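Fold and geometry: a report
Single-letter residue listing:
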Amino acid sequence: MEDTKSSSVANASLEGVEPEESEAEQAAGAATTSTSTAKQSEKSEKSEKSEKSEKSEKAKATKPRTKSKASKTSKTKTGAVQSGSKAGGRTSARPTSKAGSKTVRSAKAVEKTAVDKAAVSNPSSKASMTAEDTGALRLKGIVKPPSTSHHIVLPEEREEAARAKKAASKAGRKAARMPKTRLGRWWRNFQSGPDRISFAMCIVALGVVYGDIGTSPLYMAQSFLSGQGGIQYADRQSVLGMLSLLFWSITLITTVKYVFIAMRIDNKGEGGIFALFSMVRRYGKWLAVPAMIGGAAFLADSVLTPAVSISSAVEGLHTIPQLDSTFDGNPNLTLMITVVIIVLLFAIQSRGTERIGKVFGIVVMVWFSFLAVVGAANIGADWSVFEALNPWPGIRFLLFDPANKAGLAIMGTVFLATTGAEALYSDMGHVGRGNIYATWPFIKVALILNYFGQGAWMLRNQGNERLYGIPSLNPFFQMMTPSIRSVAVILSVAAGVIASQALITGAFTMISEATSLNWMPHLQVRYPARTRGQLYIPTVNLVLCVATLTVLALFRDSEHITAAYGLALTVTMITTTILLAAYIWCAWKRRVFAVVFALAFLAIQILFFLASMSKFLHGGWFTMLLTLLILGIMYTWDQGTKVERSQRRHMWPKEFLPALDVLHRDFKIPYYADNLVYLTSDNELRRLDTDIFYSIFANHPKRARAWWAVSVQVTDDPFTREYSVENFGTSFLFRVRIRLGFKVSQNVATYLHQIMHDLIKDGTLPRQSSIYPKVDADSEIGTIQYVLVHKALMPESKITSRGATSLRVKYAIRHVAGNPVKWFGLTAYNPVVEIQPLFVSTHKVPALKRVALRKPKRPVTLQEIRAEQRDEEENARAAEISARESHEYSRPSFELKPASSVGRGK
């Protein structure tokens, strides 16, 4: 132990820094000083004789007592050193001095005795603070900060535990019952796999997944008649051709591509283009390009889905005879109703997709049942419409039929029936793959019956002249009797809301996945449901709401919105096909299947894209503009992140510990804070970001009792609450990793207080008692200063113009998107946001050429000015002397008298 102390002192002297005095020694030193002052005042009032006798008696009395106190002190110090070594902390040693050996009591006792004696000897010092006075400085009962408790269990956590216990007991009972038949054993194995089916989740799947594809019957046939020029031009060959193209598009795109193939390729149960890219990106960097383009197009098209679905449903009110006069007198009433419904829809998103899905699931089941019944009723006994199941009428109508007035653009109309396929794949993580398999046959049958029912109605009413003059004729509502249309409007509005919900939840999922890929800024994510796949992003919800209302303000009705709808989504489907083919080629090793898959589906979807390009001037420009905007955000964020990561450095203990140890012991530098806390994204505990090290030592060194580097890691378990600490064998540096479940609030300040208290209890962290009021009202912990480090680009940085632009745009987006201060609940603690330069290599700047100045006419240097001042003073003094002498020489030696007196004298 003595060797340790001596080596510590030697190291401190080599560094040129005196070892730091402990808090007890400093307090004891202050108390000793005040005690000696009090004694001197007492001695000045006594005589020399009484003073000498008192000194001798006191010396005799204190000799043995000093020895015992010294032994106690040595024991206390030894115990402190041993406890510090056990805790992994460093004990600062200091050479023992004569004055130090006299501080034998604890710091608090010595200070109290000194203050009491000073108060007795000097009654005027009543303003001196005593131990009792410090209690009045605390805000008792005023500040109530959040705290942690090991005995509190949240109600939802208790429900989750009870649910898990119930599920475990149910699984145990199932395991105890061995199935007797082969079918039973197959069903048991099936239910234990990723394709398991649950009746409750099937209802949720109906409400979450199929909303978008379920609203296509509202406007698809309407768009077809508009392209043909009216129902009078929709002959049998045209209608059957359109139905044939529609049936095979749904079969090939939705059923084969997405349900049978794409849904078999999932990333831990999650679907969508970003989840797909995360699995194939190791096979080629170029695959990031189609993933970005497809994701941006999907997000752009999701803005139009709520507008077109809800507005087309609300416009069904025009078909009700009783409401004709109301809507004729208020032409903007439909738009106002649509706006109200959309605002309410986005307002309830924070409740979570699980609860919404349960409510919507039954409605969707009723809606698709309604579609099937109405379609079957209009088909009636005329089964000839099912000739469209043959693909030849569709091919003939598309390529060879002169009655096709829309030409290739008819495929853009047919594509509207498949718009929900990409959302179906994106929402797979919300409900599970098996539940989609179980519900899709019912959905497809209902859709086909309704489309074919509308086709049968068009064939029967082609010659109905009363329908020729109806603007924007919609077969969906016209094929029903007026008494049923009101029910259809109510159900269609509900279906439109559900369609919007499907795209909104899909957008949340895709934004979260883009964030994990570092293609989007980190946003605050909430998990209102029991599963992590069901999430809510407030910022995205607000942006989608504003963008949807902007679409309504621009296009105003569903006919114009439909003209813009679907163009961007064809881009998403093309890019998804490319990524799926790459996965089949590289991961499944099925080269022939990958080629056939890519050629077949790319041909179909490129045809859809070319057909949808006819919508560009009619509103498609809006979705393409949104796509380019979102793509620009993704690209610049990705490029900026790559530049930052290329410059990011980490330091290992041997690099940062010696410097921090010297700074911690340098008591000549005042404390910046008792605890300096840095938030970092690095979860590795045995290294330190260079940014943190630079922040501590840049400008004026930030000395603290303890430095903290804290990272927060979100786990897949909903209620995880764990932390790990690495202190590197010191008492002043702590790397903390907090692991929180996705349902746990990320309140870093509250959890960090608990960690500090735990470390104080086990002796790892020295006590930091505070007597003054604090916001957190925690007197056992010193002041805490939170620091967030942001990067900035230096003007001389050696970087390409594209990289510099990406960084500047990224920083601008981050400024708008927000910062972790709000996410971690640190706003009330006044955190510091530091801007540090991004450490990229810099260009060598050409040296300056020094040009000699002309010699000035007036003095400009200090020496010249002082010399001039001296010359002026000497000249002034010489002038004064000469003036005085000239005045004396000019004075006459005789006295002048007046002329009158001179005459009288004669």
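As the structure is a computational prediction, the values presented were derived from the model and not from experiment. (Residues numbered from 1 in each chain as written. Predicted model: local features only at pLDDT ≥ 70, side-chain atom pairs only at ≥ 80, totals over all residues. Heavy atoms only, no water.)

**Description of the overall build of the protein**
A count of helices and strands for the protein gives 36 helices and 8 strands. Taking all 906 residues of the protein together, 45% fall into the buried category. Of the contacts made within the protein by residues no fewer than 6 positions apart, 83% connect residues no fewer than 24 positions apart. Approximately 47,500 Å² of the protein is accessible, and the part contributed by carbon and sulfur atoms is 59%. (Helix = DSSP H or I, 4+ residues; strand = E, 2+ residues; numbered from the N terminus. Buried < 20%, exposed > 50% of the residue type's maximum accessible area, 1.4 Å probe, protein only. Contact = heavy atoms within 4.5 Å. Areas by Shrake-Rupley, 256 points an atom, 1.4 Å probe, with all protein chains shown as cover.)

**Concerning a positive patch on the surface**
On the surface, a cluster of positive charge is made up of Lys166, Lys170, Arg173, Lys174 and Arg177. Along the chain, Lys170 falls in helix α7 (residues 155-176). (Patch = residues over 30% accessible without salt bridge, like charges linked within 9 Å, V, L, I, M, F, W, Y side chains within 5 Å. Salt bridge = Lys/Arg side-chain N within 4 Å of Asp/Glu carboxyl O. Lys, Arg positive; Asp, Glu negative; His and termini not counted. Charge placed at Lys NZ, Arg CZ, Asp CG, Glu CD.)

**Some words on the side chain of Asn404**
Here Asn404 shows up in the loop between α18 (391-399) and α19 (410-414). What makes Asn404 buried here is its relative accessible area of 9%. Reaching out from Asn404, the side chain makes a polar contact with the backbone oxygen of Phe397 at a distance of 3.4 Å. The residues touching Asn404, leaving out its near neighbours within four places in the chain, are Gln228, Phe397, Leu398 and Ile410. (Polar contact = N/O pair within 3.5 Å; in protein donor to acceptor, adjacent residues only side chain to side chain.)

**What about the nonpolar core?**
Judged by nonpolar contacts, the single largest core of 152 residues is most densely connected at Tyr210 and Trp519. Once residues lying within four places of it in the same chain are set aside, the contact partners of Trp519 are Phe274, Phe277, Ala288, Ala291, Met292, Ala514, Ile633, Met634, Trp637 and Asp638. Residues Val710, Leu759, Ile781 and Ile784 belong to the second largest nonpolar core, which totals 25 residues. (Core = buried A, V, L, I, M, F, W, Y, C linked by side-chain atoms within 4.5 Å.)

**Thoughts on the pattern of salt bridges**
Close approach of charged atoms allows side chains with opposite charge to pair. Tallied over the full model, the rule gives 10 salt bridges. For Arg884, the salt bridge identified is with Glu880, shortest N-O distance 3.4 Å. Here the residue Arg884 and the residue Glu880 both occupy positions in helix α35 (residues 862-890), the gap between them amounting to 4 residues, near one helical turn.

**Digging into the pairing of strand β4 (residues 703-715)**
The side chains of a regular strand alternate between the sheet's two faces. One ladder, built from 7 bridges, connects strand β2 (residues 671-679) with β4; its direction is parallel. Note on β4: the bridge partner recorded for Val677 is Trp708. In the sheet, β4 pairs with strand β6 (residues 733-741) via 9 bridges, with the strands oriented parallel. Bridge pairing in β6 links Ala709 to Arg735. (Pairing = 2+ DSSP bridges.)

**Focus on the packing of aromatic side chains**
Within the structure shown, the criterion is met by 22 aromatic pairs. Pairing Phe415 with Phe608 gives two aromatic rings, centres 5.1 Å apart and planes at 50°, and the pair type is tilted. One end of the pair, Phe415, is in the loop between α19 and α20 (421-426); the other, Phe608, is in helix α28 (residues 591-612), with 193 residues separating them in the sequence. Both residues of the pair, Phe415 and Phe608, belong to the buried class. Through successive ring pairs, a cluster of aromatic residues spans Trp367, Phe370, Phe476 and Phe477. Above the face of the Tyr672 ring, Lys702 is positioned so that its terminal group lies 5.8 Å from the ring centre. Arg703 extends its terminal NZ or CZ atom over the ring of Tyr671, reaching a point 4.3 Å from the ring centre. (Phe/Tyr/Trp six-rings, centres within 6.5 Å; stacked < 30°, edge-to-face > 60°. Lys NZ or Arg CZ within 6 Å of the ring centre and 35° of its normal.)

**A short note on the packing of helix α25 (residues 538-555) against helix α29 (residues 616-647)**
When two helices pack together, their arrangement is given by the angle between the helix axes and by the axis-to-axis distance. Contact geometry for α25 and α29: axes closest at 12 Å, N-to-C directions at 165°. Accordingly, the angle class assigned to the pair α25 and α29 is roughly antiparallel. The two elements α25 and α29 cross, and the hand of that crossing is right-handed. Judged by residue contacts, Val551, Leu554 and Phe555 of α25 engage His618, Gly619 and Phe622 from α29. (Axes fitted to C-alpha atoms, helices over the stretch in contact; angles between N-to-C directions. Parallel < 35°, antiparallel > 145°, perpendicular 65-115°, else oblique. Left-handed = near helix turned anticlockwise from the far one by under 90°.)

**Quick look at the packing of helix α11 (residues 220-228) against helix α12 (residues 236-261)**
The contact between α11 and α12 brings their axes to 12 Å, and the two run at 135°. Judged by the inter-axis angle, α11 sits oblique to α12. Remark: the crossing between α11 and α12 carries right-handed chirality. Here Met220, Phe224 and Gln228 of α11 come into contact with α12, specifically with Ser238, Val239, Met242 and Leu246. Looking at side-chain class alone, the contact of α11 with α12 contains 5 nonpolar, 2 polar and no charged residues. (Nonpolar A, V, L, I, M, F, W, Y, C, P; charged D, E, K, R; others polar.)

**Focus: a nonpolar patch on the surface**
A surface patch of nonpolar side chains, amounting to about 610 Å² of accessible area, comprises Leu554, Met613, Phe616, Leu617, Trp621 and Leu625. The element contributing the most residues to the nonpolar patch is α29, with 4 residues. Relative to the assigned elements, Met613 resides in the loop between α28 and α29.

**Comments concerning the sheet that holds β2**
The 6 strands lie next to each other as β5-β6-β4-β2-β7-β8, forming an open sheet whose pairing is mixed. With one partner strand each, in any of the chains shown, β5 (721-726) and β8 (832-837) form the two edges of the open sheet. Between one strand and the next, the sheet's axes are offset by a mean angle of 30°, whatever the strand orientation. In the sheet, β2 pairs with strand β7 (residues 784-792) via 4 bridges, with the strands oriented parallel. Note that in β7 the partner of Val677 across the bridge is Tyr786. Packed on one face of the sheet, helix α30 (residues 653-665) meets β4 and β6 and runs near 135° to β4.

**Here we look at the confidence of the model for the protein**
Predicted coordinates in areas of low pLDDT are best not read in detail. Scored by pLDDT, the protein has a mean of 77; 76% of the residues are at 70 or more. Under a pLDDT of 50 for its full length, residues 1-128 has, in the predicted model, 88 contacts with residues more than four places off or in other chains. (pLDDT = per-residue confidence, 0-100.)

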